[in-house]
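Fold and contact review
Single-letter residue listing:
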Amino acid sequence: MSSHDAMLSVTVTARGALRLKGGHLWVYRSDITRAEGVAPGALVYVCDERGRRLGSALYSSSSQIAIRLLASKVLSKNEVLTLLQHRIDEAVRFRQQNVHDADSYRVIFSEADLLPGLIVDKYNDILAMQVLTQAFDRDDIRQTVTEKLAEHYPGNSLLDRVDPHIRELEQLPARESQPVSGEKSATIFTLNGVRFHFDGSSGQKTGAFLDQRENYTAAARYAHGDALDCFSYQGGFALHLARVCASVTAVDSSRPALEVAEQNEQLNRDAHTCGEIEWIEANAFDLLKDYSAARRQYDTIVLDPPAFAKSKKTVEAALRGYKELNLRALKMLRPGGLLVTCSCSFYVEQSPFLEMLDTSAADAGQRLRILEKRGAAIDHPSLLVFPRQLISSVLSPKLLIINSLLSF
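Residues numbered from 1 in each chain as written. Predicted model: local features only at pLDDT ≥ 70, side-chain atom pairs only at ≥ 80, totals over all residues. Heavy atoms only, no water.

Running from N to C, helix 2 (residues 77-98) and helix 3 (residues 139-152) cross one another at 35°; their axes reach a closest spacing of 10 Å. When the axes of helix 2 and helix 3 are compared, the crossing they make is right-handed. Of helix 3, the residues touching helix 2 (which contributes Lys 77, Leu 81, Leu 84, Gln 85, Ile 88, Asp 89 and Val 92) are Asp 140, Ile 141, Thr 144, Val 145, Lys 148, Leu 149 and His 152. Considered class by class, the residues forming the contact of helix 2 with helix 3 number seven nonpolar, three polar and four charged. (Axes fitted to C-alpha atoms, helices over the stretch in contact; angles between N-to-C directions. Helix = DSSP H or I, 4+ residues; strand = E, 2+ residues; numbered from the N terminus. Left-handed = near helix turned anticlockwise from the far one by under 90°. Contact = heavy atoms within 4.5 Å. Nonpolar A, V, L, I, M, F, W, Y, C, P; charged D, E, K, R; others polar.)

Put into structure tokens, the structure is as follows:
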């Protein structure tokens, strides 16, 4: 048996074959016509209904995305592993060339680096790895990844950060977050000259929000006066604003997150112009309602809420939530003030979000101008070859910097 024959084939419909020929990387389960004997997470050949091979791919037996294409040519298992090594090399090289003034960034971003199902973040001398698919949970692929990361980042510790929900969806056996190599699970890392604590045993996603790294700097360029940072988490925006603003108030509903934020403040106190940051544990919706009613006023307001729309069905409700937040914030914004408003809701596209802001401004009696539309940082790139609705979401602004002009 040759090395090529050792890999099984999955047959896709004409529609699935057309998607792959058009440059797409995914084939959904509804377009799989034959996958007999194919194990979960297998390396497979993809064939059309006439038996013509369309490329080599990773297979999932549980996900609605059944096929993730790796290459449009036929590869053996060993050739696939070599290809993965080369792509890790390319991902690391891209970050080293393009990420500046930070010792922390996303090293590997799944499909965007043609490594579908793998995320790796770097926090100073700690790497945090997250496996999202059956294929990248294979022992041979895990070994390939860990060895290559050790080659590029010698002396760094590597943590396996586990999302139990993802493993359940992928029908993978339960696994605890654990060190893979090295002894460190906590460190201090730097973004834009601002220092943060990282604890690999806690935190959202794989830790802090690295995708906002460039946006933190952009917001600080315009920020001034009295600042209010809502949904502050561990102080990403607040700590950047504290270097340029007269006062900073930061709000989050999570006490553990605010405790880390206060520790982060101690690391950066010498560079602050605002004195002590006021950290408030509260629901941002409730606080904005109370502050707006009390006619509190700010020169800079940041809104960086969690995702409101988890599916297409919840988009309208999400836009109502964004409207409430932004309307109350705009009522509290002084003339000439700055609103930094964010959305990380995958299903909320640019046009309805801008319409929501337009009606919020009218209701608040504010005339606004957009200074910047921004997305995620450069270490979080995105592929163009995706379904139309995915492209529009990816290219939508993650963050808008808006300047309040004269009331009208």
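Taken together, the seven strands give an open sheet; going across it, the order is 16-15-14-17-18-20-19, and neighbouring strands pair in mixed fashion. In this open sheet, the two edge strands, each paired with only one partner strand, are strand 16 (278-281) and strand 19 (368-374). Averaged over all adjacent pairs, the angle separating strand axes in this sheet is 15°, with direction ignored. Against the sheet, helix 8 (residues 284-293) contacts strand 14 (226-230), strand 15 (247-252), strand 16 and strand 17 (298-303), and its axis sits at roughly 145° relative to strand 14. (Pairing = 2+ DSSP bridges.)

This part takes up the environment of Arg 68. By the secondary structure assignment, Arg 68 is in strand 6 (residues 65-71). For Arg 68, a relative accessible area of 12% gives the class buried. Separated by 97 residues in the primary sequence, Arg 68 and His 165 have C-alpha atoms spaced 20 Å apart. Polar contacts involving the side chain of Arg 68 include one to the side chain of Glu 111, which spans 3.3 Å. (Buried < 20%, exposed > 50% of the residue type's maximum accessible area, 1.4 Å probe, protein only. Polar contact = N/O pair within 3.5 Å; in protein donor to acceptor, adjacent residues only side chain to side chain.)

Let's shift gears to helix 2. Taking 1.5 Å per residue as the helical rise, helix 2 with its 22 residues ought to reach 32 Å, and the 32 Å between its terminal C-alpha atoms agrees with that figure. Taken residue by residue, helix 2 has Val 80, Leu 81, Leu 83, Leu 84, Arg 87, Ile 88, Asp 89, Ala 91, Val 92 and Arg 95 as its buried positions. For helix 2, the secondary structure elements touched by its buried residues are strand 4 (43-47), strand 6, strand 7 (104-109) and helix 3. (Expected span 1.5 Å × (residues − 1).)

Pairing of side chains with opposite charge becomes possible as their charged atoms draw close. The tally for this structure, following the rule as stated, stands at 27 salt bridges. Arg 106 is the partner of Asp 121 in a salt bridge, and the nearest nitrogen-oxygen pair spans 2.7 Å. Of this pair, Asp 121 sits in strand 8 (residues 118-123) while Arg 106 is found in strand 7, placing the two residues 15 residues apart along the sequence. When its relative accessible area of 9% is taken as the criterion, Arg 106 is described as buried. A salt bridge links Asp 160 to Arg 142; the shortest N-O distance between them is 3.2 Å. With a gap of 18 residues between them, Asp 160 in strand 10 (residues 157-160) and Arg 142 in helix 3 connect regions that are remote in the sequence. Across the pair, Arg 142 and Asp 160 agree in class, each one buried. What you see here is one network of salt bridges that share partners, running through Asp 137, Arg 142, Asp 160, Arg 167 and Arg 175. (Salt bridge = Lys/Arg side-chain N within 4 Å of Asp/Glu carboxyl O.)

Attention shifts here to helix 7 (residues 255-268). Taking 1.5 Å per residue, 14 residues should reach 20 Å; helix 7 reaches 20 Å between its end C-alpha atoms and fits that length. Inspection of helix 7 places Ala 257, Leu 258, Val 260, Ala 261, Asn 264, Glu 265 and Asn 268 among the buried residues, and these make up the whole buried set. All buried residues of helix 7 lie within an arc of 155° about the axis, which places them on one face of the element. Those residues of helix 7 that are exposed and aimed more than 90 degrees away from the buried face are Pro 256 and Gln 266. (Arc of directions from axis to C-beta.)

Turning our attention to the packing of helix 9 (residues 315-331) against helix 10 (residues 350-364). The N-to-C vectors of helix 9 and helix 10 enclose an angle of 40°; their axes lie 9 Å apart at closest approach. One element, helix 9, and the other, helix 10, form an angle in the oblique class. Crossing angle aside, the handedness with which helix 9 passes helix 10 is right-handed. For the pair formed by helix 9 and helix 10, the contact residues are Leu 319, Tyr 322, Lys 323, Asn 326, Leu 327, Leu 330 and Lys 331 on the first element and Pro 352, Phe 353, Met 356, Leu 357, Thr 359, Ser 360, Ala 361, Asp 363 and Ala 364 on the second. Each residue belonging to the contact of helix 9 with helix 10 can be placed in one class, and the counts come to ten nonpolar, three polar and three charged. (Parallel < 35°, antiparallel > 145°, perpendicular 65-115°, else oblique.)

Such coordinate-based values are descriptive only and should not be taken to indicate function.
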